Structures are given as C-alpha cells and as structure tokens.
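# Report on the structure
As a plain string of letters, each chain reads:
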Amino acid sequence: MSKVIIGVDLGGTNVKTAIVTPDKEVLSKDSRPTHAGEGPVAVFEAMEASARDAMQAVDVTPEDVLAAGFGAPGPMNWRTGVVYSPPNLPGWKDVPLADEMAKRLGVPCYVDNDANVACYGEYWLGAGQGTESMVVLTLGTGVGGGIVVFGRLLRGIDGTAAELGHLKVQRDGRACGCGNRGCLEAYASVTGMVKTAVENLAKYPDSKLNLLCDGRPDTITGKMISDAAGEGDAFARWVFQETATWLGIGIGSLINMQNPEKVVLCGGMIAAGDLLFKPVREAVRANCFEVPGNRCEIVPAGLGGDAGVIGSAGCALDRYQRENAG
Ligand SMILES: [Zn+2]
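So, here is what we can say about the structure in this document. (Residues numbered from 1 in each chain as written. Predicted model: local features only at pLDDT ≥ 70, side-chain atom pairs only at ≥ 80, totals over all residues. Heavy atoms only, no water.)

## With respect to helix α11 (residues 307-323)
Residues spaced three or four apart along an α-helix face the same direction, because each turn holds 3.6 residues. In this model, α11 (17 residues) spans 24 Å end to end at C-alpha, consistent with the 24 Å of a helix rising 1.5 Å per residue. Most of α11 is tucked away, with 13 of its 17 residues classed as buried. (Helix = DSSP H or I, 4+ residues; strand = E, 2+ residues; numbered from the N terminus. Expected span 1.5 Å × (residues − 1). Buried < 20%, exposed > 50% of the residue type's maximum accessible area, 1.4 Å probe, protein only.)

Dropping the structure here:
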C-alpha cells in the first residue's frame with residue numbers, strides 16, 4: 001500500500017480525523033469530543049485516540065503514514081508547531097503540539113492555523129481545486145480567511161497573513177473584536193449582518209422580521225434574516241444587499257491585489273445561495289478593476305465542515321514533500 005497522511009482538525013468542541021491518500025482519497029474518518037476544558041494532556045489523548053481509531057479502521061500502521069497534519073486555533077508558530085494560548089483551548093500556553101504528537105504517533109507532524117488549513121482544503125480538494133491562486137473567506141461569527149498563491153498558502157513572515165476579517169473597510173467604523181474599528185468582520189460576518197438588521201429594523205415596522213423575532217430585535221439571528229429574505233421581505237433583502245456591499249468592498253480590494261482565479265465563500269451564510277451571491281458578485285465588480293473582476297469567480301465552498309480535516313492532511317503532505325524534495 002502506498003503511504004497515507006493523517007489530517008486532524010482540532011476544534012474547541014470536537015477533534016476530527018481523516019486518513020487520506022496522496023491521491024486525495026479519503027479512506028476513513030473519526031470525530032470525538034476535544035475535552036478542551038481538561039487541559040492539553042486530555043486534548044493530546046483525544047487526538048491520539050482519534051488518529052489511532054481512524055488508522056485501525058483501514059488497517060493502517062504508523063509505518064504506512066507519511067506525515068500527520070494538525071489544524072489548530074492560533075496564535076501559533078507554524079514552523080515549530082508550538083501553539084501559544086488560543087482562547088478556546090483553556091490552559092494552553094506555548095504547547096509544543098507538533099513534537100508531542102510526533103512522539104505519540106511516531107510519524108512526522110506539522111501544525112498550521114485552522115483557517116489556513118481550511119483554505120488549503122478547498123484548494124486541494126474543494127471548490128478551488130485546479131486553481132493556483134485563490135482566496136477563501138469564512139463568514140461565521142467572525143470572518144476568517146486564507147490565501148493561496150502559486151499553489152502555496154500565503155503565511156507571511158510571522159505566520160499571521162490572511163487575517164481577511166480585519167481588512168479595514170471603514171474609517172472610524174464599527175468596533176471589531178480585535179480592538180480596532182471598521183474591520184470587514186464587523187459588517188460582513190453573521191454577527192455584523194445581524195447588527196445591521198437590529199440597527200435599522202425600527203425604520204421598517206412592516207418587515208416580517210418583526211414577527212419572526214416576536215418584537216425582540218435582540219433575538220434576531222442570521223437564519224431569521226435569511227428566512228425573511230427568502231419570503232421576499234424587502235427589509236431582509238436590503239440587509240443582505242448591505243452585507244454583500246461590505247463584502248464586495250473587501251473582496252474587490254483582495255482581487256485588485258491578488259488577481260485570483262476564485263474567491264470561495266464558506267460558512268452558514270452561504271446557505272442563502274443567490275440571495276447572497278448575486279449581490280456579492282455585483283458589489284465585487286463595482287469595487288475592483290474590470291479584468292480581474294470579470295476573471296474571478298465567486299463560488300460557494302465545496303467541502304463544508306470537512307475542509308479543515310482534509311486541508312490538514314493536504315498541508316502536511318505539501319510540507320513533507322517540500323522538506324524532503326531532492
Ligand atoms: Zn478587526
């Protein structure tokens with residue numbers, strides 16, 4: 001059997017593992033609780049058990065494994081595989097994740113930022129397959145991102161590149177969780193979209209959203225806005241339009257900078273389909289040069305929740321091959 005790669009997606013709630021071949025065939029998968037509240041050792045044990053069970057399911061031993069890749073929450077040093085102190089992994093401080101897991105599994109281990117591996121997953125096996133220049137934006141509670149250029153992740157000198165949620169789109173704009181103001185995330189995340197709805201709802205007393213939230217704007221969710229827009233509610237559609245315009249400003253700048261083949265959008269918000277993509281495509285074209293704007297396709301993600309685990313494997317393969325080339 002040719003050698004395989006282990007991909008591990010370390011989230012605050014669940015650890016996911018996949019055994020993947022260099023030809024991108026997913027042989028087996030495993031998922032289990034992270035036990036993040038119990039500290040680093042419990043998390044190591046969960047990752048080791050998950051990897052061993054996924055290996056056992058397809059009769060793979062450590063001798064059959066080329067490398068293992070871990071997508072973990074940052075901040076971190078991706079070169080050394082040391083994870084500093086992620087907010088959703090309590091008790092972690094300068095944890096040598098790559099070394100520890102290499103000891104436990106007996107295979108070379110690589111660690112990368114979770115947003116970057118999810119981007120790499122879409123590049124390797126998802127909606128960005130076949131491109132060599134692409135951008136991923138994940139629209140969730142915040143806005144995450146990743147950039148691939150020349151078939152490689154753009155990491156930057158300190159590994160902090162592609163914090164796309166914190167592109168500034170407005171001077172002195174809305175406060176962002178990062179401490180700055182006017183970041184893309186403050187407008188184009190689901191949280192930002194909800195904020196836009198809440199701030200403007202009083203002006204639209206006839207909107208269906210008033211009924212859906214039972215007169216309590218503080219309970220409005222992205223899904224309510226999406227449902228109301230789907231039923232043709234003019235205010236909810238305006239909220240999508242507004243969110244799409246902010247996204248178009250951010251994505252337009254990225255396109256002017258990078259001239260990518262594709263921008264892949266991920267996260268729960270993409271379930272809105274054309275309600276989101278149509279105004280985003282229009283706003284993008286209005287905010288960048290014509291040639292790169294017409295060239296770039298704005299498309300939904302292809303891997304859903306598996307982008308991280310598959311990207312962790314793909315990234316580890318890429319790093320192993322580069323380290324061991326010639
Ligand atoms: Zn920010």
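## Re the layout of surface pockets
Taken as a whole, the largest pocket spans an internal volume of roughly 1200 Å³. Lining the largest pocket are 44 residues, and of these Pro 73, Asn 113, Asp 114, Ala 115 and Gly 144 sit closest to its centre. At the level of elements, β1 (4-10), β2 (14-20), β8 (109-113), α3 (114-124), β9 (134-139), β10 (143-149) and α11 are the ones that each hand at least two residues to the lining of the largest pocket. Among the elements that line the lining of the largest pocket, the one with the most residues is α3, at six residues. Shared between two domains, the lining of the largest pocket takes at least three residues from each, and those domains are domain 1 (4-113 + 306-323) and domain 2 (127-302). (1 Å grid on protein atoms, 1.4 Å probe; cavity = no way out; pocket = protein on both sides within 12 Å on 5 of 7 lines; lining within 4 Å. Points joined across faces, edges and corners; volume = space filled by probe spheres on them. Domains from an automatic or database assignment.)

## Side note on the coordination of the zinc ion
Each donor-metal-donor angle would ideally measure 109.5 degrees in four-coordinate tetrahedral geometry, or 90 or 180 degrees in six-coordinate octahedral geometry. Within the protein, the zinc ion binds to His 166 (ND1), Cys 176 (SG), Cys 178 (SG) and Cys 183 (SG); these donor distances fall in the range 2.0 to 2.3 Å. Taken together, the four donor atoms surrounding the zinc ion define angles of 103 to 118° at the centre, an arrangement classified as tetrahedral. Its relative accessible area of 44% is what places Cys 178 among the partly exposed residues. (Donors = N, O, S within 2.8 Å, 3.2 Å for Na, K, Ca; no water. Tetrahedral: all angles 85-135°; square planar, octahedral: opposite > 155°, others 65-115°.)

## Some thoughts on the packing of α3 against α11
Close contact between α3 and α11 brings their axes to 7 Å; oriented N to C, the two are set at 85°. Considering their axes alone, α3 and α11 lie roughly perpendicular with respect to each other. For the pair α3 and α11, contact is made by Val 117, Ala 118, Tyr 120, Gly 121, Glu 122 and Trp 124 and by Ala 307, Gly 308, Ile 310, Gly 311, Ser 312, Gly 314, Cys 315, Leu 317 and Asp 318, respectively. Each residue belonging to the contact of α3 with α11 can be placed in one class, and the counts come to eight nonpolar, five polar and two charged. (Axes fitted to C-alpha atoms, helices over the stretch in contact; angles between N-to-C directions. Parallel < 35°, antiparallel > 145°, perpendicular 65-115°, else oblique. Contact = heavy atoms within 4.5 Å. Nonpolar A, V, L, I, M, F, W, Y, C, P; charged D, E, K, R; others polar.)

## Concerning the sheet that holds strand β4 (residues 65-72)
Taken together, the five strands give an open sheet; going across it, the order is β3-β2-β1-β4-β8, and neighbouring strands pair in mixed fashion. The open sheet has two free edges, formed respectively by β3 (26-33) and β8, since each of these has just one partner strand. Averaged over all adjacent pairs, the angle separating strand axes in this sheet is 15°, with direction ignored. Bridge count between β1 and β2: six bridges; the pairing is antiparallel. Within β2, the position partnered with Gly 7 by the bridge is Ala 18. (Pairing = 2+ DSSP bridges.)

## Let's talk about the pairing of strand β12 (residues 262-266)
The buried fraction of β12 is high, at five of five residues. Here β12 shows no split at all, with Lys 262, Val 264 and Cys 266 on one side and Val 263 and Leu 265 on the other all buried. Relative to β12, β9 runs parallel, the two sharing five bridges. Each residue of the ladder has a partner; that of Leu 137, found in β12, is Leu 265. For β12 and strand β13 (residues 297-300), the ladder comprises four bridges, and the chain directions are parallel.

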